[in-house]
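One letter stands for each residue in the lines below.
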Amino acid sequence: MVAPLKVGIAGLGTVGAEVVRLIESQARVLSGRSGRGIRVVAVTARSKAKKRNVDLRGVEWVKDPLALATHDGIDCFVELMGGSGDPALSAVEAALKSGKSVVTANKALLAKHGLKLAKAAENHGGALNFEAAVGAAIPVIKTLREGLAATGINRVYGILNGTCNYILTRMEQEGLSFAECLKDAQRLGYAEANPSFDVDGHDTAQKLAILASLAFGTKVAQSAVYVEGISSIAPEDLRAADDLGYRLKLLGVAVRTAKGIEQRVHPTMVPKSSSIAQVMGVTNAVTIDGEGIPPITLVGPGAGGAATASAVLADIADVARGIRAKPFGRPVAQLRDTKKAPMERHEGGYYIRLLARDFPGTAAAIATRLAEQKISIESIVQRHPNGGNAAADGKTSPVPVILITYATHEDAVRRALAAVQKDKVISGRPQVIRIEKN
Ligand SMILES: NC(=O)c1ccc[n+]([C@@H]2O[C@H](COP(=O)([O-])OP(=O)(O)OC[C@H]3O[C@@H](n4cnc5c(N)ncnc54)[C@H](OP(=O)(O)O)[C@@H]3O)[C@@H](O)[C@H]2O)c1
């Protein structure tokens, strides 16, 4: 009879408390699948007094996460405190260095220190499992690390932040502003009081950095990710996307190019017919383009206690089974430096929305500047407010003009629009959104 796996859990919040509950309620299934029992023997959190609605009778309370990480009585340290610094970092590192396996849902920690931690796991023989760190219950880490181990990956992209997808979905379906939808997301608990980490794209960037490393065998490098958030998106962009056959999503995209690995997070027009365009609300999705196989799209809940705990438990079950996969899919020594493809050289189609001043020669001036940069226009839509009639005071308002370009380089678009602005033929700043084709 194999002894049960003894688990120490640091963090008893949304995810940690659910993990404790699930280990209890799924005990039979887990031991059936892992070939041995799984027992929580010790826990820690900031406050011992806090009511948590979990049964911790017979479980040792350890005051300090570092002491729990190196506790002689545990085989597996489960880090669910969050944050890229201490105590999570020093505790995970100490657990790995003492030969224990670690399970964590902490994308911030992995995006920043993943390489160092993978090295520690490799040197000391423990596992470092982090399925829940990207897409919560969606088994995307396993898919890249194991399921597609023999497949070259060309591109991996996805909706990795439920808050942003919820906001964009509401904006699209109800014609509401970004600010209104953000407020609702906060009221419903989908967005933090300080929403910047989500809506400015940083959460997506951390997850993308992890996926890119697994997909391309490169060292995880969050600093290599270009990031733009969704706060500048206006209802008219969503209406125009709809008219033109697109949906607007905040995507994280990692793609192999001739100039290196492009890693970028930004609002993106995706064809309405694509799988990723069907993903609405807080749901997450990841599409993987592998060599010689049609794209694979995984869709599911990307957050929430139960969804995240389900992935944490699957990782714990792997530890119990004795599985020791390389954290980033291959030995650390084989992971290559990330050659960052410069964003200026990004090539693709663009959606451009301008407010053109309503006087003769404006359209020609814009067309000239685009032509100078060899940008070809696929379609152009002019939306005349008031049917083009002058207002009561005789003045005409600027005219929204929407352009869709054929594939071109980012720096050409930036140069052309800088020249258009200098010509003073538009009001305000142009809105530029990249297009991602299937
Ligand atoms: N929530 C999700 O949907 C979700 C999804 C995917 C991944 N994750 C990841 O899962 C991890 C946990 O998230 P969560 O939502 O469960 O967070 P949470 O609800 O804020 O819980 C954090 C827990 O860690 C404890 N903690 C924080 N700092 C500590 C410290 N210095 N020493 C000891 N304990 C400390 C807290 O103790 P107290 O309870 O005493 O304050 C709390 O129990 C994070 O890495 C997060 O990114 C979460």
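Calculation notes
- Residues numbered from 1 in each chain as written.
- Predicted model: local features only at pLDDT ≥ 70, side-chain atom pairs only at ≥ 80, totals over all residues.
- Heavy atoms only, no water.
- Helix = DSSP H or I, 4+ residues; strand = E, 2+ residues; numbered from the N terminus.
- Expected span 1.5 Å × (residues − 1).
- Buried < 20%, exposed > 50% of the residue type's maximum accessible area, 1.4 Å probe, protein only.
- Near = heavy atom within 4 Å.
- Polar contact = N/O pair within 3.5 Å; in protein donor to acceptor, adjacent residues only side chain to side chain.
- Areas by Shrake-Rupley, 256 points an atom, 1.4 Å probe, with all protein chains shown as cover.
- Nonpolar A, V, L, I, M, F, W, Y, C, P; charged D, E, K, R; others polar.
- Pairing = 2+ DSSP bridges.
- Contact = heavy atoms within 4.5 Å.
- Axes fitted to C-alpha atoms, helices over the stretch in contact; angles between N-to-C directions.
- Core = buried A, V, L, I, M, F, W, Y, C linked by side-chain atoms within 4.5 Å.
- Parallel < 35°, antiparallel > 145°, perpendicular 65-115°, else oblique.
- Left-handed = near helix turned anticlockwise from the far one by under 90°.
- Phe/Tyr/Trp six-rings, centres within 6.5 Å; stacked < 30°, edge-to-face > 60°.
- 1 Å grid on protein atoms, 1.4 Å probe; cavity = no way out; pocket = protein on both sides within 12 Å on 5 of 7 lines; lining within 4 Å.
- Points joined across faces, edges and corners; volume = space filled by probe spheres on them.
- Domains from an automatic or database assignment.

### Quick word on helix 12 (residues 305–321)
Okay, step 1: The end-to-end C-alpha separation of helix 12 is 24 Å, in line with the 24 Å expected for 17 residues at 1.5 Å each.
Okay, step 2: Extensive coverage of helix 12 is indicated by the burial of 13 of its 17 residues.
Okay, step 3: Gly322 lies just past helix 12 and shows a positive phi near 90°.

### Digging into the site of the ligand
Okay, step 1: Neighbouring residues of the ligand: 22 residues in total, closest Leu12, Val15, Ser47, Arg52 and Gly304.
Okay, step 2: With respect to the ligand, the backbone of Arg46 contributes an N or O atom lying 3.1 Å from an oxygen atom.
Okay, step 3: At 2.8 Å, a backbone N or O of Ser47 approaches an oxygen atom of the ligand.
Okay, step 4: Compared with its free state, where it exposes 900 Å², the ligand has 78% of that area covered by protein.
Okay, step 5: The class makeup of the residues in the shell around the ligand is ten nonpolar, eight polar and four charged.

### Re the sheet that holds strand 2 (residues 38–44)
Okay, step 1: Sheet architecture is open: six strands sit in the order 3-2-1-4-5-6, paired in parallel fashion. On the outer flanks of this sheet lie strand 3 (60–61) and strand 6 (128–129), each paired with one strand and no other.
Okay, step 2: When strand 5 (residues 101–104) meets strand 6, the two strands line up parallel, connected through two bridges. Across the sheet, the residue bridging to Val103 is Asn129, located in strand 6.
Okay, step 3: Contacts from helix 4 (residues 88–97) reach strand 4 (76–79), strand 5 and strand 6, with the element oriented near 165° to strand 4.

### Regarding the side chain of Lys207
Okay, step 1: Tracing the backbone shows Lys207 in helix 10 (residues 202–216).
Okay, step 2: Each residue touching Lys207, except ones within four places of it in the same chain, is listed here: Lys107, Ala133, Val134 and Leu160.

### What to know about the environment of Arg353
Okay, step 1: One can find Arg353 in strand 13 (residues 347–356).
Okay, step 2: Under the relative-accessibility criterion, Arg353 is labelled buried at 15%.
Okay, step 3: Sequence-wise, Arg353 and Asp237 are 116 residues apart; in three dimensions their C-alpha atoms are separated by 7.9 Å.
Okay, step 4: Not counting residues up to four positions away in its chain, the partners in contact with Arg353 are Ala234, Glu236, Asp237, Val401, Ile402, Pro430 and Gln431.
Okay, step 5: A polar atom in the side chain of Arg353 sits 2.6 Å from the side chain of Asp237.

### A look at the nonpolar core
Okay, step 1: If you look at the biggest cluster of nonpolar residues, it comprises 78 residues, and the most contacted ones within it are Phe77, Phe130, Val140, Ile167, Ile210, Leu211 and Ile230.
Okay, step 2: A per-element tally of this core places helix 10 first, with nine residues.
Okay, step 3: One finds Leu5, Ala17, Ile23 and Val40 within the second-largest nonpolar core, a separate group that totals 32 residues.

### Here we look at the packing of helix 4 against helix 5 (residues 107–124)
Okay, step 1: Between helix 4 and helix 5, the least distance of the axes is 8 Å, while the angle of their chain directions is 15°. Judged on the interaxial angle alone, helix 5 and helix 4 are roughly parallel. Where helix 4 crosses over helix 5, the two elements pack in a sense that is right-handed. Contacts from Ala88, Leu89, Val92, Glu93, Leu96 and Lys97 of helix 4 reach helix 5 at Leu109, His113, Lys116, Leu117, Ala120, Ala121 and His124.
Okay, step 2: Class assignment for the residues of the contact of helix 4 with helix 5 results in eight nonpolar, two polar and three charged.

### Let's talk about the packing of aromatic side chains
The way to describe two aromatic rings as a pair is by their centre distance and the angle between their planes.
Okay, step 1: Under the defined criterion, the tally for this structure stands at two aromatic pairs.
Okay, step 2: Ring geometry for Phe130 and Phe328: centres 5.3 Å apart, planes at 40°, overall tilted. Within this pair, whereas Phe130 is found in the loop between strand 6 and helix 6 (140–147), its partner Phe328 is found in the loop between helix 12 and strand 13, the two being separated by 198 residues in sequence. The pair formed by Phe130 and Phe328 is uniform in burial state, with each residue classed as buried.
Okay, step 3: Taking the centre distance of 4.9 Å and the plane angle of 65° together, the rings of Tyr166 and Tyr190 count as edge-to-face. Within this pair, whereas Tyr166 is found in helix 7 (residues 162–174), its partner Tyr190 is found in the loop between helix 8 (178–187) and helix 9 (196–199), the two being separated by 24 residues in sequence.

### Regarding the pairing of strand 4
Look at any regular strand and the pattern is simple: side chains alternate between the two faces of the sheet.
Okay, step 1: Of the two faces of strand 4, the one carrying Cys76 and Val78 and the one carrying Phe77 and Glu79 are both buried.
Okay, step 2: Relative to strand 4, strand 1 (residues 5–10) is paired through four bridges, and the arrangement is parallel. Bridging across to strand 4, Val7 finds its partner in Cys76.
Okay, step 3: In terms of strand pairing, strand 4 meets strand 5 through four bridges, oriented parallel. Bridging across to strand 5, Cys76 finds its partner in Ser101.

### Some points on the layout of surface pockets
Okay, step 1: Estimated volume of the second largest pocket: approximately 480 Å³.
Okay, step 2: The wall of the second largest pocket is formed by 23 residues, among which Glu228, Arg429, Pro430, Gln431 and Val432 lie closest to the centre.
Okay, step 3: Of all the secondary structure elements, the ones that give two or more residues to the lining of the second largest pocket are strand 13, helix 14 (410–422) and strand 17 (426–435).
Okay, step 4: Take the lining of the second largest pocket: its biggest share by element is eight residues, from strand 17.
Okay, step 5: Partitioning the lining of the second largest pocket into residue classes produces eleven nonpolar, six polar and six charged.
Okay, step 6: Here the lining of the second largest pocket spans two domains, since at least three of its residues come from each of domain 2 (143–299) and domain 3 (343–435).

### Focus: the packing of helix 5 against helix 10
Angle between the axes and distance between the axes: these two values describe a pair of packed helices.
Okay, step 1: Where helix 5 meets helix 10, the axes come as close as 9 Å, and the angle between the chain directions of the two elements is 55°. It follows that helix 5 is oblique to helix 10 by the angle criterion. In this structure, helix 5 meets helix 10 at a crossing whose hand is left-handed. Between helix 5, through Lys107, Ala108, Leu110 and Ala111, and helix 10, the contact on the second element is made entirely by Asp203, Gln206, Lys207 and Ile210.
Okay, step 2: Looking at the contact of helix 5 with helix 10, its residues break down into four nonpolar, one polar and three charged.

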